[in-house]
Amino acid sequence: GMYIDLDLTKFDFLKVPSAEMGNRELVSGLLDVGCDVLVSTGMHTDEEIRGLIAWCQDSRRLILLHSVSNYPTRLENSQLGGIRRLKSIFSGRIGYSSHDSDWETCLVALGIGIDYLERHVTIDKEMDGVDHSSSSTFDEVARLADYCRLAAAGQYLDSPRVVNQGEKMALQNIGRGLYAKSDLSAGTK
């Protein structure tokens, strides 16, 4: 076999695809590297996910990603409630690995509250291969990044309503009705 000398400590994070979630030797080895390890949970039952959590319970570097392994995933199959489920059974960081046909599904995941978002990029959604139809163009990823920045800044959290300057001006301009100084008969111009 071929051996590649790769220093994994140089990476910010490592990613385990759904098909390898049950490979505890791999997950353990990656966690031992010392950086964050994102693990997609597609194709796995709650019981299997709970088993991984129990097995890695002491690792603060484990990050679980809700995922549905359909390429592409249609909106009605995205099971975004799985994000809340992961939050209820895992006290660590949670993310969403999107294989959605529409990148906007990621906006819902951001609104639910995730720490990480994985979205594949392609230069042409019509290219051969399962990933292209479930990926985003560079323009779509740029738009998605804007929403991610809002989420990272806490824009989707519970916060007091603050009226901005534009709204104050709108209240002065469109929030007023016209009143006559005296009663007018119907039809009066």
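Residues numbered from 1 in each chain as written. Predicted model: local features only at pLDDT ≥ 70, side-chain atom pairs only at ≥ 80, totals over all residues. Heavy atoms only, no water.

*Asks:* Requested: an account of the overall build of the chain, with residues and values cited.
*Replies:* The helix and strand inventory of the chain stands at 6 helices and 5 strands. For the chain, the succession of helices and strands along the chain, N to C, is β-α-β-α-β-α-β-α-β-α-α. Counting across all 189 residues of the chain, residues that qualify as buried make up 31%. Taking the intrachain contacts of the chain between residues at least 6 apart in sequence as the baseline, contacts between residues at least 24 apart amount to 56%. Looking at the chain as shown, the accessible area adds up to about 12800 Å², and 52% of this sits on carbon and sulfur atoms. Mean positive and mean negative side-chain charge positions of the chain (20 and 27 charges, respectively) differ by 12 Å. (Helix = DSSP H or I, 4+ residues; strand = E, 2+ residues; numbered from the N terminus. Buried < 20%, exposed > 50% of the residue type's maximum accessible area, 1.4 Å probe, protein only. Contact = heavy atoms within 4.5 Å. Areas by Shrake-Rupley, 256 points an atom, 1.4 Å probe, with all protein chains shown as cover. Lys, Arg positive; Asp, Glu negative; His and termini not counted. Charge placed at Lys NZ, Arg CZ, Asp CG, Glu CD.)

*Asks:* Talk me through the sheet that holds strand S1 (residues 13–16); I want residue IDs and the actual numbers.
*Replies:* For sheets, the rule is that strands pair by backbone hydrogen bonds, running either parallel or antiparallel. Read from one edge of the open sheet, 5 strands run S1-S2-S3-S4-S5, paired in parallel fashion. Of all the strands in the sheet, just S1 and strand S5 (116–119) have a single pairing partner and so form its edges. When the angles between neighbouring strand axes are averaged without regard to direction, this sheet yields 25 degrees. Relative to strand S2 (residues 36–40), S1 is paired through 4 bridges, and the arrangement is parallel. The partner of Val16 across the bridge, within S2, is Val39. This element, helix H3 (residues 81–89), spans strand S3 (62–67) and strand S4 (93–98) of the sheet and lies at about 150 degrees to S3. (Pairing = 2+ DSSP bridges. Axes fitted to C-alpha atoms, helices over the stretch in contact; angles between N-to-C directions.)

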